[in-house]
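# Structure at a glance
Letter by letter, the chains look like this.
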Amino acid sequence: MNYLYIYLILLAYFMLWYIVAQIKNNNGLVDIAWGMGIVVSAISSLIIGGMYSITGIIVTALSLIWGVRLSGYLFKRNFNKPEDFRYQNFKTKWRTNLRLKALIYVFLTQSVFSYIIAIPIILTNLLPNETFGITSIIVASIGILLFFIGFIFEVLADHSLAKFKSDPSNKGKIMKKNVWRVSRHPNYFGEATLWWGIGIASIASMNLYSLIGLISPLIMTYLLVFVSGIPLLEKKYKDNKEYQAYAKQTSIFFPMPPKK
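Residues numbered from 1 in each chain as written. Predicted model: local features only at pLDDT ≥ 70, side-chain atom pairs only at ≥ 80, totals over all residues. Heavy atoms only, no water.

Our focus in this paragraph is the packing of aromatic side chains. What describes a pair of aromatic rings is the distance from one ring centre to the other and the angle between the planes of the rings. This model, assessed by the stated rule, comprises 19 aromatic pairs. For the pair Tyr222 and Phe226, a centre-to-centre distance of 5.5 Å together with 40° between the ring planes defines the contact as tilted. In this pair, Tyr222 and Phe226 are both assigned in helix H9 (residues 215–227), four residues apart and thus about one turn of the helix distant. On the accessibility criterion, Phe226 (57% relative accessible area) is exposed. An aromatic cluster of three or more residues is present, and its members are Tyr87, Phe90, Trp94 and Tyr105. Over the ring of Phe79 we find Lys24, and its NZ or CZ is 4.6 Å from the ring centre. (Phe/Tyr/Trp six-rings, centres within 6.5 Å; stacked < 30°, edge-to-face > 60°. Helix = DSSP H or I, 4+ residues; strand = E, 2+ residues; numbered from the N terminus. Buried < 20%, exposed > 50% of the residue type's maximum accessible area, 1.4 Å probe, protein only. Lys NZ or Arg CZ within 6 Å of the ring centre and 35° of its normal.)

As structure tokens, this is what we get:
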């Protein structure tokens, strides 16, 4: 039942954002809800589980660092901006019953997806943890290291891109500096890497069932690389000559030195 309670709390959180989104006629606000949605699952599972293990506190803290930063960044960037092109395209395809379809296909779907991605944290907080010994310390340290590598990449990507876009002289141009020099999608690389960090850190609980949590970074990486992340943006810029020249020199995902 604890797993159900956590989802119901998460669902209530997304429903609040659904109401706000309909008031503002902007379904793209679900992107703001995303980061803190993971935090809601992490904190509620920590409290409901009531074990407060070292591994549980670690992965909850990592999710808090990531979620607060991401939702705060997106709130500042998107809350009073027009609806993102992805959600405008959804409305064009839907044509009728826009609010109902937004509820089902955007907010309810995102709540389920958020719950699945939070699985390594939820399992760590609800399942019994073994003694936190030397093996746990090594595994947790690897996870924490991966998390911060990914987190730093994501922060640098977001900050440098926001600064680039704030300069009117850069309108219509392609960002190619900072971490964008070594990857065309450094924010997505950072996102995938930090989730592998959280997934690996959760294994430090030394509970065999915690391995199930690795489905989270697997799904996240697959979606970012093959479905809703990189493919959409690559398609968006397929006719942009500057971007195509940039693409010939720059790795699509993993950071690599630019080609000469």
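We now examine the environment of Val106. Structurally, the position occupied by Val106 is in helix H5 (residues 98–117). The class of Val106 is buried, set by a relative accessible area of 3%. Those residues in contact with Val106 that sit more than four places away from it in its chain are Asn27, Val30, Tyr87, Phe90, Trp94 and Lys101. (Contact = heavy atoms within 4.5 Å.)

The final tally for this structure, using the stated rule, is eight salt bridges. Measuring nitrogen to oxygen at the nearest pair gives 3.1 Å for the salt bridge that ties Glu242 to Lys176. Remark: Lys176 occurs in the loop between helix H7 (134–166) and helix H8 (186–202) and Glu242 occurs in helix H11 (residues 241–249); sequence separation between them is 66 residues. Since its relative accessible area comes to 28%, Glu242 is described here as partly exposed. Judged by relative accessible area, which is 37%, Lys176 ranks as partly exposed. Residue Glu234 is joined to Arg184 by a salt bridge in which the shortest nitrogen-to-oxygen separation is 3.2 Å. Placement of Glu234 in helix H10 (residues 230–236) and of Arg184 in the loop between H7 and H8 is noted, with a sequence separation of 50 residues between them. The buried category is assigned to Glu234, whose relative accessible area is 17%. We classify Arg184 as buried; its relative accessible area is 9%. The network of salt bridges with shared partners includes Asp31, Asp84 and Arg86. (Salt bridge = Lys/Arg side-chain N within 4 Å of Asp/Glu carboxyl O.)

Our next topic: a nonpolar patch on the surface. A cluster of nonpolar side chains, contributed by Ile43, Ile47, Tyr52, Ile57, Leu64 and Val68, occupies part of the molecular surface with about 530 Å² of accessible area. Looking at the nonpolar patch element by element, the count peaks at three residues for helix H3 (residues 54–78). When you line up the elements, Leu64 lands in helix H3. According to the relative accessible area criterion, Leu64 is partly exposed, its value standing at 38%. (Patch = residues over 30% accessible without salt bridge, like charges linked within 9 Å, V, L, I, M, F, W, Y side chains within 5 Å. Areas by Shrake-Rupley, 256 points an atom, 1.4 Å probe, with all protein chains shown as cover.)

Our focus in this paragraph is unusual backbone geometry. Phi at Asn97 takes a positive value of approximately 50°, unusual for a residue other than glycine. Look at Asn97 and you get exposed, because its relative accessible area is 52%. One non-glycine residue, Asn178, adopts positive backbone phi at about 60°. With respect to the helices, strands and loops of the structure, Asn178 is situated in the loop between H7 and H8. Looking at Asn178, the relative accessible area reads 43%, which means it is partly exposed.

Here we come to the packing of helix H2 (residues 30–49) against helix H6 (residues 119–126). Relative to each other, H2 and H6 sit at 10°, their axes nearing to 8 Å. It follows that H2 is roughly parallel to H6 by the angle criterion. Of the residues in H6, those in contact with Ile38, Ser41, Ala42, Ser45, Leu46, Ile48 and Gly49 of H2 are Ile121, Ile122, Asn125 and Leu126. A per-class count over the contact of H2 with H6 returns seven nonpolar, four polar and no charged. (Axes fitted to C-alpha atoms, helices over the stretch in contact; angles between N-to-C directions. Parallel < 35°, antiparallel > 145°, perpendicular 65-115°, else oblique. Nonpolar A, V, L, I, M, F, W, Y, C, P; charged D, E, K, R; others polar.)

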